[in-house]
Amino acid sequence: MRTTRSVPARPALIAALALATAGSLLLAPGAAGADPLPVTREGSALDDRAARAPASAARRALTADSSTSSPATTTRGYPRRQTLTPDARNPGDKSLKLGLTPYHAIAPKLNALQRLGDRVSVEVTGRSAGGHRLYLVTVTAPETARQARAQERMRELIENAPATAAKSREITRDYKTPVFVNSNIHGNEWEGTDASLKVVEQLATAKDAKTRDLLAHSRLYFNITANPDGRIAGTRANANGFDLNRDFVTASQPETRAMRQIEIGKQPAVLLDLHGYVNGTLIEPTTPPHGENYEYDLFLKNSYANALGMESAVNALGYTPAKDGVEAAQIPFRDQEEGWDDWPPIFTPQYAAFHGTVAAHTVEIPLAVNNEEYDELPVPELRRRSAVNTAVAGAAIHATLDHVREHRGTLITDQIEVFRRGAAGAAQVPVSPRTVPGVPGIGPEDVYTTTFPRAYVIPPAGARTQRSAPAATRLVDHLLANGVRVTRATRPFRLAGRTHPRGSYVVDMHQPKRGMANVLLADGRDISGKVSVMYDISGWSLGGLWGATVERVPSGSLRGVPLRAISGAAPVAHVPAHGDLRLRLTDPREVAALNSLLRQGVPVRRAADGSVIVPASARREARSAARAHDVSFTATRQTGTAPLRRLRVAAAVTPGELFALREMGFEVTPVSTAVLNAGFDWRTSGADVLFVSAGLDRAALTAPARQALDAFLAGHGLVGRGATGAALNAAAGRLAVEPVEGNADANGVVRVTNSGAVTRDAPDRGFVYAPLWFTDPGPGVRVEQSYATGNPLVSGHWRPRGDGTGGPGAASGQASVVSGDRTVLFGTEPLFRDHPKGEFPQVARALFTVAHSASVKESG
């Protein structure tokens with residue numbers, strides 16, 4: 001915890017409890033009230049909602065061409081006008097009640113703004129999961145096509161030749177500082193959109209010298225609503241139920257991919273991400289722990305300086321607790337001990353740091369208008385609050401633009417330095433009062449650095465590994481999509497005393513975006529001893545969880561290694577010309593290929609080793625599936641055992657799990673307590689198996705609904721995950737095991753030992769959030785997977801509870817996945833937020849096993 005500070009700390013929990021106890025704000029007419037909980041990142045950390053997203057939203061997210069979610073790469077000059085077709089008026093848009101801009105009014109508003117002069121341009125960067133257009137507005141002084149090409153050339157020089165860029169007089173004189181204002185990423189945090197529209201209108205028409213100077217030396221990019229689905233529906237999430245501000249590691253959603261491409265293509269030096277609601281207005285930089293892969297000294301220096309300006313501008317609006325219910329602004333780094341960290345790269349500002357953003361902020365505007373406030377407060381009070389919030393967000397934007405105008409040279413110099421350090425393999429600079437002067441309270445608790453390896457090697461499938469080829473290609477393509485440079489070996493080579501095969505992918509860590517490469521590929525760190533609790537995920541290694549083999553090369557030279565740069569992974573699709581065909585089920589793409597064959601009526605049989613056998617007569621269908629899913633079939637003489645059939649899964653699961661099931665090609669019928677109580681008909685549903693992890697409480701069912709559920713389970717399989725799945729298992733009298741709940745705050749990457757058919761060929765890493773394990777197995781219970789002995793935590797945050805229970809030591813060696821009696825129970829999170837893709841097939845195998853077998857034991 002922070003122990004050194006040059007200004008008094010204002011711990012949020014103490015302040016909030018004092019306000020709640022006094023009741024001064026809660027009882028004042030029209031007052032906002034203070035949240036009586038600790039100030040942490042907004043929203044529920046542990047997702048236990050039952051998903052209801054339509055299949056169409058998942059299809060849009062899974063099939064969207066990534067090029068459609070990229071801002072235009074043309075080097076036409078500015079302005080770039082286009083007339084947007086208006087959307088149909090939607091009287092159900094939740095913005096209307098607040099007196100804010102409904103989504104259907106945005107296109108006409110943008111058309112009008114483009115007509116105000118020659119400063120405003122609009123691009124459509126893609127469509128949301130719900131099918132709504134995503135708008136990027138650029139505000140800058142006019143540019144000829146030649147000037148636009150020069151800007152792009154300088155932008156590329158900054159990233160790709162930073163040592164040269166640092167000496168460029170042209171960049172110092174002419175480069176326009178890119179600024180990115182991101183609004184409404186959480187759909188029910190509306191006002192950033194309205195503030196941005198107001199600021200754009202002001203900039204479009206202002207005649208003063210400061211505005212002319214700003215626009216002559218800057219490009220200002222406004223993502224008007226990052227989440228139109230949620231804006232319309234009044235939900236935090238998009239149409240797939242995803243919190244987009246948790247999606248940047250995987251970029252599973254089209255809205256996130258659009259934002260990713262803005263950050264890569266526009267390369268902002270400064271970013272604001274406008275949120276709500278924390279009273280008083282919360283302005284990053286953050287409390288510890290800090291991301292160890294950042295150039296944090298540069299990030300903190302610039303973010304803190306800009307935060308001071310925003311704080312001053314917000315407070316200068318004159319709102320007071322007594323008059324308006326508005327507390328003074330706060331800067332967590334200065335004012336809090338912990339609870340608002342920048343450790344994981346899942347949040348917009350933290351992700352942007354890896355693309356050269358040196359001042360990045362979440363800004364939480366003050367007065368709550370969502371959730372119960374939206375439903376319970378009178379409309380005049382809601383609109384008063386929204387007006388205050390819009391003004392606060394506008395003040396933060398204007399202050400940031402003032403900072404950019406006054407400090408553009410420093411911002412660009414420091415962005416260049418981020419890329420220079422990466423390209424040169426230079427050491428990070430730990431923060432201290434000496435290295436970051438002017439920032440109060442820097443102490444040893446703020447120092448987070450890492451040791452970057454010399455390279456990572458991702459071998460092709462079959463080379464020293466049983467991992468699947470699709471996993472390697474997916475990981476490589478994901479690295480490339482995130483701006484990481486990847487090369488491929490044209491012949492075998494030796495590196496650091498080890499021979500690697502031809503076709504191996506090599507990530508040279510002497511590259512501008514080494515931080516991005518490392519944050520995706522490294523194991524991460526166990527930070528359990530650093531802070532008392534983490535709000536969201538603390539471990540996320542795609543190198544460990546996506547199913548590919550990733551080899552860390554600590555040191556050595558790449559000189560002479562036969563490498564060529566690539567723009568995409570080599571396809572692995574293959575079908576032998578003769579014989580029956582074998583398809584492994586170790587990757588979600590292979591599961592999707594299997595399900596596509598089953599939908600076509602292809603007779604597929606299980607093999608004893610967990611793979612599936614496709615007859616030679618279905619070679620044409622196999623070729624189509626191989627191309628569509630980029631998977632490889634091998635020739636086999638196995639005949640297989642029991643036939644597989646197409647499955648329909650009834651699923652009371654989280655949004656991330658529902659999305660993962662659909663990604664693997666399962667037909668899914670979402671269910672929940674409410675759905676079953678409304679008279680769900682199991683007989684006509686066509687469901688073959690029930691998967692339960694969230695939103696289904698047997699005790700809360702009506703008597704008819706409970707009887708119908710029990711009747712279904714009497715003849716069908718059950719897959720359960722977490723405490724909810726284990727509770728249904730116990731209520732149904734299925735597996736005789738004792739579920740033990742670990743610390744509910746724990747999450748991260750864990751070591752596991754696989755021992756059963758369901759987990760065959762799975763990675764030796766798993767992911768947990770509120771981990772669970774199983775003890776006292778009764779007759780017929782099989783242990784499919786166990787937590788590793790010792791401390792199973794690889795990276796993340798997992799402490800025992802205050803009474804000493806629920807820690808990783810208690811989970812050591814205990815069963816994490818068990819099976820038997822047409823039931824499989826998971827204590828891990830194998831489908832978490834489209835995140836641990838190497839674990840997805842465990843769930844697929846579990847579903848097929850319990851649906852097709854009298855018992856798991858017979859199938860193993």
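This text goes with the structure placed above it.
Residues numbered from 1 in each chain as written. Predicted model: local features only at pLDDT ≥ 70, side-chain atom pairs only at ≥ 80, totals over all residues. Heavy atoms only, no water.

Caption draft 1: Here's a closer look at the overall build of the protein chain. A count of helices and strands for the protein chain gives 30 helices and 32 strands. The C-alpha atoms of the protein chain give a radius of gyration of 27 Å, which matches the 29 Å a tight globule of 860 residues would have. When its C-alpha atoms are laid out on the principal axes, the protein chain stretches across 80 × 70 × 55 Å. Sorting the 860 residues of the protein chain into buried and exposed places 61% on the buried side. For the protein chain, restricting intrachain contacts to residue pairs at least 6 apart in sequence, the fraction spanning at least 24 positions comes to 80%. Carbon together with sulfur atoms contributes 52% to the accessible area of the protein chain, which is approximately 30300 Å² in total. Across the protein chain, 97 positive and 83 negative side-chain charges occur, with their mean positions spaced 8 Å apart. (Helix = DSSP H or I, 4+ residues; strand = E, 2+ residues; numbered from the N terminus. Rg over C-alpha atoms; globule rule 2.2 N^0.38 Å. Buried < 20%, exposed > 50% of the residue type's maximum accessible area, 1.4 Å probe, protein only. Contact = heavy atoms within 4.5 Å. Areas by Shrake-Rupley, 256 points an atom, 1.4 Å probe, with all protein chains shown as cover. Lys, Arg positive; Asp, Glu negative; His and termini not counted. Charge placed at Lys NZ, Arg CZ, Asp CG, Glu CD.)

Caption draft 2: Representation of the packing of helix α21 (residues 588-599) against helix α22 (residues 619-629) within the structure. Taken N-terminus to C-terminus, the directions of α21 and α22 make an angle of 145°; their axes are 9 Å apart at the nearest point. Note that α21 runs across α22; the crossing there is right-handed. Contacts from Arg589, Ala592, Ala593, Ser596 and Leu597 in α21 reach Glu621, Ala622, Ala625 and His629 in α22. For the contact of α21 with α22, the residue count by class is five nonpolar, two polar and two charged. (Axes fitted to C-alpha atoms, helices over the stretch in contact; angles between N-to-C directions. Left-handed = near helix turned anticlockwise from the far one by under 90°. Nonpolar A, V, L, I, M, F, W, Y, C, P; charged D, E, K, R; others polar.)

Caption draft 3: Inspection of the sheet that holds strand β15 (residues 551-553) at higher detail. Within the open sheet, the five strands sit side by side as β15-β10-β14-β11-β16. Their pairing is antiparallel. The two strands at the open ends of the sheet, each matched to only one other strand, are β15 and β16 (563-565). Shown here is a sheet whose adjacent strand axes are inclined to one another by a mean of 30°, direction ignored. In the packing of helix α18 (residues 469-481) onto the sheet, contacts are made with β10 (455-458) and β14 (505-508), and the angle to β10 comes to roughly 145°. (Pairing = 2+ DSSP bridges.)

Caption draft 4: Structural detail: the nonpolar core. Membership of the largest hydrophobic core comes to 138 residues, with the highest contact counts inside it found for Leu110 and Phe222. With 15 residues, helix α17 (residues 379-424) is the largest single contributor of residues to this core. With residues near it in sequence (within four places) discarded, Phe222 still touches Tyr135, Leu136, Val137, Val139, Val181, Ser196, Val199, Val200, Leu203 and Ile397. Ranked by size, the runner-up nonpolar core spans 48 residues in total, among them Leu598, Val631, Val668 and Val758. (Core = buried A, V, L, I, M, F, W, Y, C linked by side-chain atoms within 4.5 Å.)

Caption draft 5: Structural view of the pairing of strand β3 (residues 177-183). Across the seven residues that make up β3, a large majority, seven, are buried. Here β3 pairs with strand β4 (residues 218-223) via six bridges, running parallel. For Phe180, the partnering residue across the bridge sits in β4 and is Tyr221. Where β3 lies against strand β5 (residues 270-276), five bridges are found, and the strand directions are parallel. Considered in β5, the bridge of Ser183 is made with Leu274.

Caption draft 6: Spotlight on the packing of aromatic side chains. Inspection of every chain in the model, using the stated rule, returns 18 aromatic pairs. Seen from their ring centres, Tyr769 and Phe832 are 5.6 Å apart, and the 40° between their planes marks the pair as tilted. A residue pair is termed long-range when its members are at least 10 positions apart, and Tyr769 in strand β27 (residues 765-769) and Phe832 in the loop between β32 (823-826) and α29 (840-852) qualify at 63 residues. Like Phe832, Tyr769 is buried. Pairwise contacts between aromatic rings join Tyr294, Tyr296, Phe299 and Phe354 into one cluster. Here Arg80 stacks its cationic end above the ring of Tyr78, 4.0 Å away from the centre of that ring. Taking NZ or CZ as reference, Lys97 lies 4.5 Å from the ring centre of Tyr374, over its face. (Phe/Tyr/Trp six-rings, centres within 6.5 Å; stacked < 30°, edge-to-face > 60°. Lys NZ or Arg CZ within 6 Å of the ring centre and 35° of its normal.)

Caption draft 7: Seen up close, empty space enclosed by the protein. Enumeration over the complete set of coordinates arrives at nine cavities of 30 Å³ or more. In this structure, the largest cavity occupies an estimated 130 Å³ of space. Around the largest cavity, the lining comprises 16 residues; the ones closest to its centre are Asn293, Tyr294, Glu295, Ala353 and Val418. Sort the elements by how many residues they give to the lining of the largest cavity and helix α19 (residues 514-521) lands first, with three residues. Class assignment for the residues of the lining of the largest cavity results in nine nonpolar, four polar and three charged. (1 Å grid on protein atoms, 1.4 Å probe; cavity = no way out; pocket = protein on both sides within 12 Å on 5 of 7 lines; lining within 4 Å. Points joined across faces, edges and corners; volume = space filled by probe spheres on them.)

Caption draft 8: Local environment of the pairing of strand β24 (residues 717-721). Among the five residues that make up β24, five are buried, leaving the element largely enclosed by the rest of the structure. Burial along β24 is two-sided: the residues Gly717, Val719 and Arg721 and Leu718 and Gly720 are all buried. As paired elements, strand β23 (residues 689-692) and β24 share four bridges and run parallel to each other. Note that in β24 the partner of Val689 across the bridge is Gly717. Between the parallel elements β23 and β24, the chain passes through helix α26 (residues 703-715) in a crossover that is right-handed. Pairing of β24 with β32 involves four bridges; the strand directions are parallel. (Right-handed = clockwise from strand over helix to strand, strands pointing away.)

Caption draft 9: Geometry of the sheet that holds strand β9 (residues 359-365). Read across the open sheet, the seven strands follow the order β1-β2-β4-β3-β5-β9-β6; overall the sheet is mixed. Taken across any chain shown, the strands that pair with only one partner, and hence form the sheet edges, are β1 (120-127) and β6 (282-283).

Caption draft 10: Focus on unusual backbone geometry. The omega angle of the peptide bond from Tyr78 to Pro79 is 5°, so this bond is cis rather than trans. As for its position among the elements, Pro79 is in the loop between α3 (55-63) and α4 (106-114). In this structure, the amide linkage connecting Gly276 to the following residue, Tyr277, adopts the cis form with an omega of 5°. Counting through the fold element by element, Tyr277 comes out in the loop between β5 and β6.

Caption draft 11: Representation of α3 in the model. When we look at burial in α3, the residues that qualify are Ala57, Ala58 and Ala61. For α3, the angular spread of buried residues about the axis comes to 100°, placing them on one side. Exposed residues on α3 whose side chains face more than 90 degrees from its buried face are Arg59 and Thr63. (Arc of directions from axis to C-beta.)

Caption draft 12: α19, seen in detail. Of all eight residues in α19, eight are buried, a share of seventy percent or more. Of all the residues in α19, the buried ones are Arg514, Gly515, Met516, Ala517, Asn518, Val519, Leu520 and Leu521. Looking at the packing, one finds that the buried side of α19 touches α15 (348-352), α17, β10, α18, β14 and α20 (542-545).

Caption draft 13: Here's a closer look at the environment of Gln842. Looking at where Gln842 falls in the secondary structure, it is placed in helix α29. Given the relative accessible area of 2%, Gln842 is considered buried. In the structure, Gln842 is positioned 256 residues away from Thr586 in sequence and 8.1 Å away in space, judged by C-alpha atoms. Aside from chain neighbours lying at most four places away, what touches Gln842 is Val758, Thr759, Ala762, Gln785 and Phe826.

Caption draft 14: Molecular detail of the environment of Phe767. Its place among the elements puts Phe767 in strand β27. Expressed as a C-alpha distance, the spacing of Phe767 and Phe832, which sit 65 residues apart in the sequence, is 7.8 Å. Discounting residues that sit within four places of it in the chain, Phe767 has contacts with Ile537, Gly539, Leu545, Gly748, Val749, Val750, Thr828, Glu829, Phe832, His835, Pro836 and Glu839.

Caption draft 15: Just the pattern of salt bridges, in detail. Overall, the coordinates contain 47 salt bridges when judged by the stated rule. Glu152 serves as the salt-bridge partner of Arg155, at 3.0 Å between the closest nitrogen and oxygen. Of the two residues, Arg155 and Glu152 both sit in helix α5 (residues 145-160), three residues apart, roughly one turn of that helix. The salt bridge partner of Glu657 is Arg721, with a shortest N-O separation of 2.9 Å. Residue Glu657 is located in helix α23 (residues 655-663), and its partner Arg721 is located in strand β24; the two are separated by 64 residues in the primary sequence. Residue Glu657 is classed as buried on the basis of its relative accessible area of 1%. On the basis of relative accessible area, Arg721 is assigned to the buried category, the value being 8%. Salt bridges sharing common partners tie together Glu189, Arg236, Asp243, Arg246, Asp536 and Arg833. (Salt bridge = Lys/Arg side-chain N within 4 Å of Asp/Glu carboxyl O.)

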